[in-house]
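Tertiary structure, described
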Amino acid sequence: RYSLLSGLGWALCAGCVHTPAGARLSTADATRIATEAAQRNGIILGDYKRPEPHCRDDGSWFVFFDGRGIFKSLGSHFAVTVDDGTGKARVDYGR
């Protein structure tokens, strides 16, 4: 329940609702899709800083989630790639 609210909060706070030239999804849309994909994969979003969405030239979004805390361990980050045309998301775990 709280992770859903957290995900919605992140989507609303992902900067202004901005759609880069040529993109179908806005930054808020890409962030929402990425946070939902992360939650479906069992990731606890409270362990991560606010996501950073970036629109790529290849028609995809790269949404980076960096771990919280001073002593981050190896793999304390992950990213989600969101296809701008289809909205499909793929979680890429940090190594």
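Keep in mind that this is a model prediction, so the values were computed, not measured. (Residues numbered from 1 in each chain as written. Predicted model: local features only at pLDDT ≥ 70, side-chain atom pairs only at ≥ 80, totals over all residues. Heavy atoms only, no water.)

This part covers the packing of aromatic side chains. On inspection of all chains with the given rule, the structure shows three aromatic pairs. For the ring pair Tyr48 and Phe78, a centre distance of 4.9 Å and an interplane angle of 90° mean the geometry is edge-to-face. Here Phe78 lies in strand S3 (residues 77–83) and Tyr48 lies in the loop between helix H2 (27–40) and strand S1 (52–55), a separation of 30 residues in the sequence. With respect to burial, Tyr48 and Phe78 carry one shared label: buried. Between Phe65 and Phe78, the ring centres sit 4.4 Å apart and the planes meet at 5°, which makes this aromatic pair stacked. Of this pair, Phe65 sits in strand S2 (residues 60–66) while Phe78 sits in strand S3, and the two are 13 residues apart along the sequence. (Phe/Tyr/Trp six-rings, centres within 6.5 Å; stacked < 30°, edge-to-face > 60°. Helix = DSSP H or I, 4+ residues; strand = E, 2+ residues; numbered from the N terminus. Buried < 20%, exposed > 50% of the residue type's maximum accessible area, 1.4 Å probe, protein only.)

As a further point, take the sheet that holds S2. As summarised here, the arrangement of the four strands in space is S1-S2-S3-S4, forming an open sheet in which the pairing is antiparallel. Edge strands, defined here as strands with exactly one partner in the open sheet, are S1 and strand S4 (89–93). When the angles between neighbouring strand axes are averaged without regard to direction, this sheet yields 20°. (Pairing = 2+ DSSP bridges. Axes fitted to C-alpha atoms, helices over the stretch in contact; angles between N-to-C directions.)

Let us now look at the confidence of the model for the protein. The predicted coordinates of low-pLDDT regions are not to be read in fine detail. Counting all residues, the mean pLDDT for the protein is 83, and 76% of those residues have values of 70 or more. Mean pLDDT values over the elements of the protein span from 49, in helix H1 (residues 2–12), up to 97, in H2. pLDDT under 50 marks residues 10–15. Its contacts with residues more than four places away, or in other chains, come to 15 contacts. (pLDDT = per-residue confidence, 0-100. Contact = heavy atoms within 4.5 Å.)

Moving on, we come to the pattern of salt bridges. In this structure the tally under the stated criterion is three salt bridges. Residue Lys49 is joined to Asp66 by a salt bridge in which the shortest nitrogen-to-oxygen separation is 3.7 Å. Taken together, the residues span a long stretch of sequence, with Lys49 in the loop between H2 and S1 and Asp66 in strand S2 at a distance of 17 residues. Judged by relative accessible area, which is 37%, Lys49 ranks as partly exposed. Accessibility expressed as a relative area gives 18% for Asp66, which makes it buried. A salt bridge links Asp92 to Arg90, with the nearest nitrogen and oxygen atoms 2.9 Å apart. Classification of Asp92 as partly exposed rests on a relative accessible area of 28%. (Salt bridge = Lys/Arg side-chain N within 4 Å of Asp/Glu carboxyl O.)

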